Amino acid sequence: NAGVTQTPKFRILKIGQSMTLQCTQDMNHNYMYWYRQDPGMGLKLIYYSVGAGITDKGEVPNGYNVSRSTTEDFPLRLELAAPSQTSVYFCASSGLGWDTGELFFGEGSRLTVL
Amino acid sequence: GQSLEQPSEVTAVEGAIVQINCTYQTSGFYGLSWYQQHDGGAPTFLSYNGLDGLEETGRFSSFLSRSDSYGYLLLQELQMKDSASYFCAVLHTGGFKTIFGAGTRLFVKA
């Protein structure tokens, strides 16, 4: 069982470039989330989705966009990359039993903007 | 606004018991979760409290007091492999989003 899969695992961008971080889950979870984690810090919620076609902003949405056209996929788009977006990005999902509190995380995508 | 407070670092000896506290201020509180993260890895779920009281899962226990906006994670029989960062996280009723604290770095010494 693959769980939550993120690609790419590593990426280096130049300032001003754009890219999409891919996230897919095979657990039929309704809820999906994107977090970023700076070194030595906690996770900050960027965007989240409660189902296909529904997305909402989290704590730090500026500079990012998301879409949720299917239950499985929740891509994160970075437009006009800036050094401040250098971070590790984690995608997570949670099922209908979300009130158990458990999020399932992908392995993370390490992004460096130079 | 919302905030979660937890100690930045805790050091304990192998075989001992350690408690990591978490206090929160938020609207729309639904429950409190705990996650473990080793260096370079992804967070993994440890425990969840939706109701007041103690939840026990093997060597780990978690406690919640809604009236005090307070919870803790208790780790017993510490092992070297427990050296990691531990995060408390609030589950919100609004959109079911989960907001994380800054994390507590646990160092286990032999």
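Coordinates for the structure precede this section.
These numbers come from a predicted model, not from an experiment.

Caption draft 1: The arrangement of the interface of chain B and chain A in detail. The interface of chain B with chain A comprises 21 residues on the first partner and 22 residues on the second. Summing both sides of the interface, chain B and chain A together bury roughly 1800 Å²; the carbon and sulfur share of this comes to 63%. Of all residues in chain B, Pro43, Phe96 and Phe100 of chain B bury the most surface against chain A, accounting for 28% of the area lost on that side. Joining chain B to chain A, the criterion identifies zero salt bridges. At the level of secondary structure, the elements contributing two or more residues to the side of chain B that touches chain A comprise strand 4 (29–37), strand 5 (44–49), strand 9 (84–92) and strand 10 (98–100) of chain B. For the side of chain B that touches chain A, a count of residues per class yields 12 nonpolar, eight polar and one charged.

Caption draft 2: Quick peek at the nonpolar core. The biggest cluster of nonpolar side chains holds 38 residues, and the ones touching the most others in it are Phe105 of chain A together with Leu32, Leu75 and Phe100 of chain B. The leading source of residues in this core is strand 9 of chain B, at six residues. Non-local contacts of Phe105 of chain A, meaning those with residues more than four positions away in its chain, are made with Val4, Tyr35, Leu43, Phe90, Cys91 and Ala92 of chain A together with Tyr35, Ala42, Pro43 and Phe100 of chain B. Of all hydrophobic cores here, the second largest spans 19 residues; its members include Trp34, Tyr47, Leu78 and Val113 of chain A.

Caption draft 3: Region of the structure containing the state of the cysteines. All chains considered together, the criterion is met by two disulfides over all chains. The residue that forms a disulfide with Cys23 of chain A is Cys91 of chain A, at a sulfur-sulfur distance of 1.9 Å. In this structure, the disulfide formed by Cys23 of chain A and Cys91 of chain A twists by about -75° around the S-S bond and is classed as left-handed. With Cys23 of chain A in strand 3 (residues 19–25) and Cys91 of chain A in strand 9 (residues 87–94), this residue pair connects regions lying 68 residues apart in the sequence. Cys91 of chain A matches Cys23 of chain A in its accessibility class, with the two residues each being buried. Note on cysteine connectivity: Cys22 of chain B is disulfide-linked to Cys88 of chain B, with sulfurs 2.2 Å apart. Residues Cys22 of chain B and Cys88 of chain B are joined by a disulfide whose S-S torsion is about 70°; by sign, that bridge is right-handed. Linking Cys22 of chain B in strand 3 (residues 18–25) with Cys88 of chain B in strand 9, this pair joins segments that are 66 residues apart in sequence. The pair Cys22 of chain B / Cys88 of chain B is uniform in exposure class, with both members buried.

Caption draft 4: View of the pattern of salt bridges. A full pass over the atoms with the stated rule returns five salt bridges over all chains. Between Lys9 of chain A and Glu107 of chain A there is a salt bridge, with its nearest N and O atoms 3.7 Å apart. Of the two residues, Lys9 of chain A sits in the loop between strand 1 (4–7) and strand 2 (10–13) while Glu107 of chain A sits in the loop between strand 10 (104–105) and strand 11 (109–113), which places them 98 residues apart along the sequence. Between Arg105 of chain B and Asp39 of chain B there is a salt bridge, and its shortest N-O distance comes to 2.7 Å. A residue pair is termed long-range when its members are at least 10 positions apart, and Arg105 of chain B in strand 11 (residues 104–109) and Asp39 of chain B in the loop between strand 4 and strand 5 qualify at 66 residues.

Caption draft 5: Here's a closer look at the sheet that holds strand 1 of chain A. Residues and elements named next belong to chain A. Pairing in this open sheet of four strands is antiparallel, and the strands run 1-3-8-7 from one edge to the other. Two strands bound the open sheet, and with one partner strand each, they are strand 1 and strand 7 (64–66). Going across the sheet, the axis of each strand differs from the next one's by a mean of 20°, ignoring polarity. Strand direction decides the pairing type here: strand 7 and strand 8 (residues 76–78), joined by three bridges, are antiparallel. Bridge pairing links Asn65 to Arg77 in strand 8.

Caption draft 6: Region of interest: unusual backbone geometry. Here the amide bond leading from Thr7 of chain A into Pro8 of chain A is cis, since omega sits at -5°, within 30 degrees of zero. Relative to the helices and strands, Pro8 of chain A resides in the loop between strand 1 and strand 2. One non-glycine residue, Asn28 of chain A, lies in positive phi territory at about 60°. Topologically, Asn28 of chain A is positioned in the loop between strand 3 and strand 4 (31–37). Overall, the relative accessible area of 57% leaves Asn28 of chain A in the exposed class. The residue Glu77 of chain B is not glycine, and still its phi comes out positive at about 50°. Its relative accessible area of 54% is what places Glu77 of chain B among the exposed residues.

About the criteria used
- Within each chain, residues carry numbers counting from 1 in the order of the written sequence.
- As a convention, the first chain written is A and the first ligand written is 1, with the rest following in written order.
- pLDDT decides what is reported in this predicted model: residues at 70 or higher carry local features, side-chain atom pairs at 80 or more are listed and counted, and totals for whole chains, interfaces and linings draw on all residues regardless.
- Remark: hydrogens and water are excluded; side-chain values derive from all non-hydrogen atoms of the structure.
- Residue contacts follow a heavy-atom distance rule, with two residues in contact if any of their heavy atoms lie within 4.5 Å.
- As used here, buried area is the combined drop in accessible area, with a 1.4 Å probe, of two parts when they are placed together.
- Every case where a carboxyl oxygen of Asp or Glu lies within 4 Å of a side-chain nitrogen of Lys or Arg is listed as a salt bridge.
- Only DSSP runs of H or I reaching four residues or more are called helices, and only runs of E reaching two or more are called strands; each is numbered from the N terminus.
- The nonpolar class holds Ala, Val, Leu, Ile, Met, Phe, Trp, Tyr, Cys and Pro. Asp, Glu, Lys and Arg form the charged class, and all remaining residues, Gly among them, are polar.
- Only buried Ala, Val, Leu, Ile, Met, Phe, Trp, Tyr and Cys residues count toward a nonpolar core, and they belong to the same one when joined by side-chain atoms within 4.5 Å.
- Burial classification: accessible surface area is computed with a 1.4 Å probe over protein chains only, and a residue below 20% of its type maximum counts as buried, one above 50% as exposed, and the rest as partly exposed.
- When two cysteine sulfur atoms are found within 2.5 Å, that pair is recorded as a disulfide.
- Two strands pair under a simple rule: DSSP has to find at least two bridges between them.
- Fitted lines through C-alpha atoms serve as axes, helices being fitted only where they are in contact, and the angles separating the N-to-C directions of these axes extend from 0 to 180 degrees.

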